[in-house]
Amino acid sequence: MNPAKRRTVIAGNWKMNFTPAQAREFIANVTPLVAGKDNCDIIFCAPYVTIAAAMEAAEGTNIKIGAENVHFAPKGAYTGEVSAEMLRAIGVEYVIVGHSERRQYFAETDETVNLRTKAALAAGMKVILCLGEVKEQRLAGITDEVVGMQTKLDLAGISAEELKNVIIAYEPVWAIGTGLTATPEQAEETCAVIRNVLADLYGAEVAETVTIQYGGSMNDANAAELLAKPNVDGGLIGGASLVPEKFAAIVNAAQ
Ligand code: PEP
């Protein structure tokens, strides 16, 4: 983290977990554990049908609720999808775009990730843009090229002004939901590579202001070491975001 230069962001990704009632209960339990922990932004990204209940439960707390995806079209024949305007209409401020599970199971590409990012930004939302290499790419020694290319393609056509509303989540796909975590050195090295690419695209001064999270089995036991790295500005957390005590411990590590 480098709080002097950029905001630390600890975000949970609930994935396909929590009914509205379960989300209310979770927020009630986690709220006292993270109250007053103002050195980072705290966000939970929820399934569409759970967002309203979670927002209601989080009202007046330091917890913000986001969505897990957004479609790129303003409206139309896209059965099952939700537009940026719809999310804004219910007060959603943050949205995850490009999660590896969306890329892997729902055929999302850098092109559609870029379109979704643009749609969310145009609607006034903040985007948590996920990217990262798969295991074979890391083993082949092409991680830097892969994350560099994703950064360029996913941000194509996005201005420096718009970039202020983008958080990048570096998530090595081999570490998501597997219990395998990148070492703090690996996380730092790749987050720094992404920042260098941002510097090429937008200039060093702008690049220094962008929050780059690490995601991939971050938990209460490894968060402090990961967050101690200067280019790791927070975490995107799946499994551990479903357990109030584990999530709160990560927030504590960011204080
Ligand atoms: C994620 O879903 O973005 C994630 C990092 O999951 P986990 O923490 O479970 O690896």
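Notes on the structure in this doc start here. (Residues numbered from 1 in each chain as written. Predicted model: local features only at pLDDT ≥ 70, side-chain atom pairs only at ≥ 80, totals over all residues. Heavy atoms only, no water.)

## Comments concerning the sheet that holds strand β6 (residues 166-170)
Right, so step 1: Around the barrel, eight strands lie side by side as β1-β2-β3-β4-β5-β6-β7-β8; this closed barrel has parallel pairing. Averaged over all adjacent pairs, the angle separating strand axes in this sheet is 30°, with direction ignored.
Right, so step 2: Pairing geometry for strand β5 (residues 126-131) and β6, over five bridges, is parallel. When the sheet's bridge partners are listed, Val-127 is paired in β6 with Val-166.
Right, so step 3: Strands β2 (40-46) and β3 (63-67) of the sheet are contacted by helix α1 (residues 20-34), whose axis makes an angle of about 135° with β3.
Right, so step 4: Docked against the sheet, helix α5 (residues 110-122) engages β4 (94-97), β5 and β6, running at close to 165° with respect to β5. (Pairing = 2+ DSSP bridges. Helix = DSSP H or I, 4+ residues; strand = E, 2+ residues; numbered from the N terminus. Axes fitted to C-alpha atoms, helices over the stretch in contact; angles between N-to-C directions. Contact = heavy atoms within 4.5 Å.)

## A look at the pattern of salt bridges
Right, so step 1: Tallied over the full model, the rule gives 15 salt bridges.
Right, so step 2: Between Arg-102 and Glu-108 there is a salt bridge, and its shortest N-O distance comes to 2.9 Å.
Right, so step 3: Among the ionic pairs, Asp-110 bridges to Arg-103, the shortest N-O distance being 2.7 Å. Neither residue differs from the other here; Asp-110 and Arg-103 are each classed as buried.
Right, so step 4: Three or more residues are tied together by salt bridges with common partners; here these are Lys-5, Arg-6, Arg-195, Glu-208 and Asp-233. (Salt bridge = Lys/Arg side-chain N within 4 Å of Asp/Glu carboxyl O. Buried < 20%, exposed > 50% of the residue type's maximum accessible area, 1.4 Å probe, protein only.)

## Some remarks on the site of the ligand
Right, so step 1: Looking at the ligand, there are 14 residues lining it, with Lys-15, Glu-171, Gly-177, Ser-217 and Gly-238 nearest.
Right, so step 2: A distance of 2.6 Å separates an oxygen atom of the ligand from a polar backbone atom of Gly-177.
Right, so step 3: The separation between an oxygen atom of the ligand and a polar main-chain atom of Gly-239 is 2.9 Å.
Right, so step 4: When the ligand is considered free in solution it has 290 Å² of accessible area, and contact with the protein chains removes 95% of it. (Near = heavy atom within 4 Å. Polar contact = N/O pair within 3.5 Å; in protein donor to acceptor, adjacent residues only side chain to side chain. Areas by Shrake-Rupley, 256 points an atom, 1.4 Å probe, with all protein chains shown as cover.)

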